[in-house]
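Spelled out from the first residue to the last, the chains are:
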Amino acid sequence: MWIIGALVSAAGTAVYVEFGTGLPRSGGEKTYLEYIYRRPAFLMSCIYASYGILLGQVPAASIAFGGYALHALGYEQTAANVRIVACLCIILCLVVHGVFPTVGIKLQDTLGMFKLLVLLLISASGLFSLVGVPGFSVGEAYSQPHNFEWSTFWEGSNMSANAFINGVYLVIWSFIGYSNANYALSEVQNPVQTIKRAGPLAMLLVSIVYILVNIAYYAVVSKGDILDSGTIAAALFFRNLFGLATERVLSVVIGLSILGNILAVLFSQGRVNQELGREGILPCSRLLASNEPFGAPFFGLFIQSLVSILMVLLTPAGDAYTFVVNFTSYPLALFNLLISGGLLLLYTRPYKSYNWNPPFQAPKYIVTFFFLSNVFLVVVPIIPPSNGFEIYEHLPYYSHVVMSLTVGVVGVIYWFFCFDYLPRKSGYTLQQDTITETNGRTRQVIRRIPIHPE
């Protein structure tokens, strides 16, 4: 499954590198969707804006951070405690990126390298245990893993399509950063060359490390312990190898690596919300587009943080992590479906006027594979899971699908009311103009142009 997830994510990287070199500016999916689907005017912008504003991207990682932080401090991991720590983590990241942007960038880059080192440490330790290197054996006091024995390898597995897709969602969520650079390309020096080189290299390195980490987990932690661990499997890994005394210390290490991920995602999503503000299609667009008063898109970061906190608090206990991951991943699959399908359309005759000829062009078979993969990811979650293998404890299996589509419908309703119905009823058309503010930055505003009777 991790190999499949890596292949899908690698194909996605190729698609996003092509768009990043062809449209080297911030915005990510928003920029690409608006470029491909230009009619009806403002519709795609409104749909994407509804997801950008109403969909939190960091709740899952913050919940995982809460589990590791409580484990490191020796506190009970109740649902309430995890949620409190998760919310405090989001607030901390908001302050760091919103008030001290230079510190935030340096901190997330440092923690990103730290996370890679932690994954390499886990990979090496697990492989040493697997081949029997002295000092890396599983302690006798802990459940001994037999995960590589064929008789138990598939024990308890569910091969239904819904269960498979749920697993793939969780895997792809781990790779979700492959498009993060596209959200802030305007802030990257020499963006075309940078994304052409860094994107594929990063994906290759991360894929290798993730697969090695999974081998390491299965070599050290028994299947039963993994299933019962929730979000703190890495803590059990270090406990089994190095003893209970190191478990809490290394929980701090894992928690810091997760914190780096939260900082990186919040940074990119704050820039996406800022780009939405610069489009002028939302209320309070001027605030969203602004970098005042701390030289960072504080209002965009604040909205992303507020929505993330609400998602953490309102999701039923026991379902929080899985629901948040699926609720985040399903809209991404929808956008990837539209983006990869749109990229194929750009090479057809009806789109010849677009003159699409970027410096990097992904092979068509890779784009097609990514497109079909996302068709699968969008359709299969609608199929009911097998009895006894429900995705959630308290929610219907289709909850994340319904919620995701509802957010999109909100965007369509907003577009219809503000950009279609009201202009027709009130007798005016909408015109998007570019203005330059006193600080030299440009943004767009929507002006109402009265329709004068003849």
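It should be noted that the structure appears before, not after, this text.
Keep in mind that what you see is a predicted model, and the values were worked out from it rather than measured.

Visitor: Give a description of the overall build of the protein chain that names residues and reports values.
Guide: Helix and strand counts for the protein chain stand at 18 helices and 2 strands. Looking at the protein chain as a whole, 51% of its 454 residues are labelled buried. Taking as baseline every contact in the protein chain between residues at least 6 positions apart, the subset at least 24 positions apart corresponds to 76%. Just so you have it, the protein chain exposes about 21500 Å², and 66% of that area is on carbon and sulfur atoms.

Visitor: Describe the nonpolar core, naming the residues involved and giving the relevant values.
Guide: Formed by 112 residues in total, the largest nonpolar core has its most connected members in Phe-19, Ile-122, Phe-237 and Leu-346. Top contributing element to this core by residue count: helix H16 (residues 320-345), with 12 residues.

Visitor: I'd like to hear about the packing of aromatic side chains, residue by residue, with values.
Guide: For the coordinates displayed, the defined rule picks out 15 aromatic pairs. Their ring planes at 25° and their centres at 6.2 Å tell us that Phe-417 and Tyr-421 sit as a pair that is stacked. Placement of both Phe-417 and Tyr-421 in helix H18 (residues 399-426) is noted, with a separation of 4 residues, approximately one turn of the helix. Through pairs of rings, three or more aromatic residues link up here, namely Tyr-16, Phe-19, Tyr-32, Tyr-35, Tyr-351, Tyr-354 and Trp-356. Seen from the ring of Tyr-354, Arg-38 lies directly overhead, with NZ or CZ sitting 3.8 Å from the centre.

Visitor: An account of the pattern of salt bridges is requested, with residue identities and associated values reported.
Guide: For the structure on display, the rule yields 5 salt bridges. When the shortest N-O distance is used, the salt bridge between Lys-30 and Glu-34 registers 3.2 Å. With Lys-30 and Glu-34 both in helix H2 (residues 29-36) and 4 residues apart, this pair spans about one turn of that helix. For the pair formed by Lys-30 and Glu-34, the shared burial category is buried. A salt bridge links Lys-30 to Glu-279, with the shortest nitrogen-to-oxygen separation between them at 3.2 Å. Here Lys-30, found in helix H2, pairs with Glu-279, found in helix H13 (residues 244-279); they are 249 residues apart in sequence, far enough to count as distant. Pair check on accessibility: Lys-30 and Glu-279 agree, each one buried. Among the charged side chains, a network of salt bridges with common partners joins Lys-30, Glu-34 and Glu-279.

Visitor: Describe unusual backbone geometry, naming the residues involved and giving the relevant values.
Guide: Cis peptide bonds are those with omega within 30 degrees of zero, and the linkage from Arg-39 to Pro-40 qualifies with -5°. Along the chain, Pro-40 turns up in the loop between H2 and helix H3 (43-54). Between Glu-292 and the following residue, Pro-293, the backbone shows a cis peptide bond with an omega angle of 0°. Inspection of the secondary structure puts Pro-293 in the loop between helix H14 (285-289) and helix H15 (298-314). In this structure, Cys-284 is a non-glycine residue whose phi angle is positive, near 60°.

Visitor: Now, about H15: what can you tell me, with residues and values included?
Guide: In a regular helix each residue adds 1.5 Å, so 17 residues correspond to 24 Å; H15 covers 24 Å between its end C-alpha atoms and thus fits that length. When H15 is considered as a whole, its buried residues turn out to be Gly-300, Leu-301, Ile-303, Gln-304, Ser-305, Val-307, Ser-308, Ile-309, Met-311 and Val-312. The elements touched by buried residues of H15 are H3, helix H4 (59-73), helix H5 (79-99), H13, H14 and H16.

Visitor: Residues and numbers for the environment of Val-401, please.
Guide: With respect to the helices and strands, Val-401 occurs in helix H18. Along the chain, Val-401 and Ile-382 lie 19 residues apart, while their C-alpha atoms are 7.4 Å from each other. Non-local contacts of Val-401, meaning those with residues more than four positions away in its chain, are made with Tyr-330, Pro-381 and Ile-382.

Visitor: I'd like a rundown of the packing of H16 against helix H17 (residues 364-379), residues and numbers included.
Guide: For the pair H16 and H17, the least separation of the axes is 8 Å and the interaxial angle reads 145°. Handedness of the H16/H17 crossing: left-handed. On H17, the residues touching Tyr-330, Ala-333, Leu-334, Asn-336, Leu-337, Ser-340, Gly-341, Leu-343 and Leu-344 of H16 are Lys-364, Val-367, Thr-368, Phe-370, Phe-371, Asn-374, Val-375, Leu-377 and Val-378.

Reading guide: rules and limits
- Residues numbered from 1 in each chain as written.
- Predicted model: local features only at pLDDT ≥ 70, side-chain atom pairs only at ≥ 80, totals over all residues.
- Heavy atoms only, no water.
- Helix = DSSP H or I, 4+ residues; strand = E, 2+ residues; numbered from the N terminus.
- Buried < 20%, exposed > 50% of the residue type's maximum accessible area, 1.4 Å probe, protein only.
- Contact = heavy atoms within 4.5 Å.
- Areas by Shrake-Rupley, 256 points an atom, 1.4 Å probe, with all protein chains shown as cover.
- Core = buried A, V, L, I, M, F, W, Y, C linked by side-chain atoms within 4.5 Å.
- Phe/Tyr/Trp six-rings, centres within 6.5 Å; stacked < 30°, edge-to-face > 60°.
- Lys NZ or Arg CZ within 6 Å of the ring centre and 35° of its normal.
- Salt bridge = Lys/Arg side-chain N within 4 Å of Asp/Glu carboxyl O.
- Expected span 1.5 Å × (residues − 1).
- Axes fitted to C-alpha atoms, helices over the stretch in contact; angles between N-to-C directions.
- Left-handed = near helix turned anticlockwise from the far one by under 90°.

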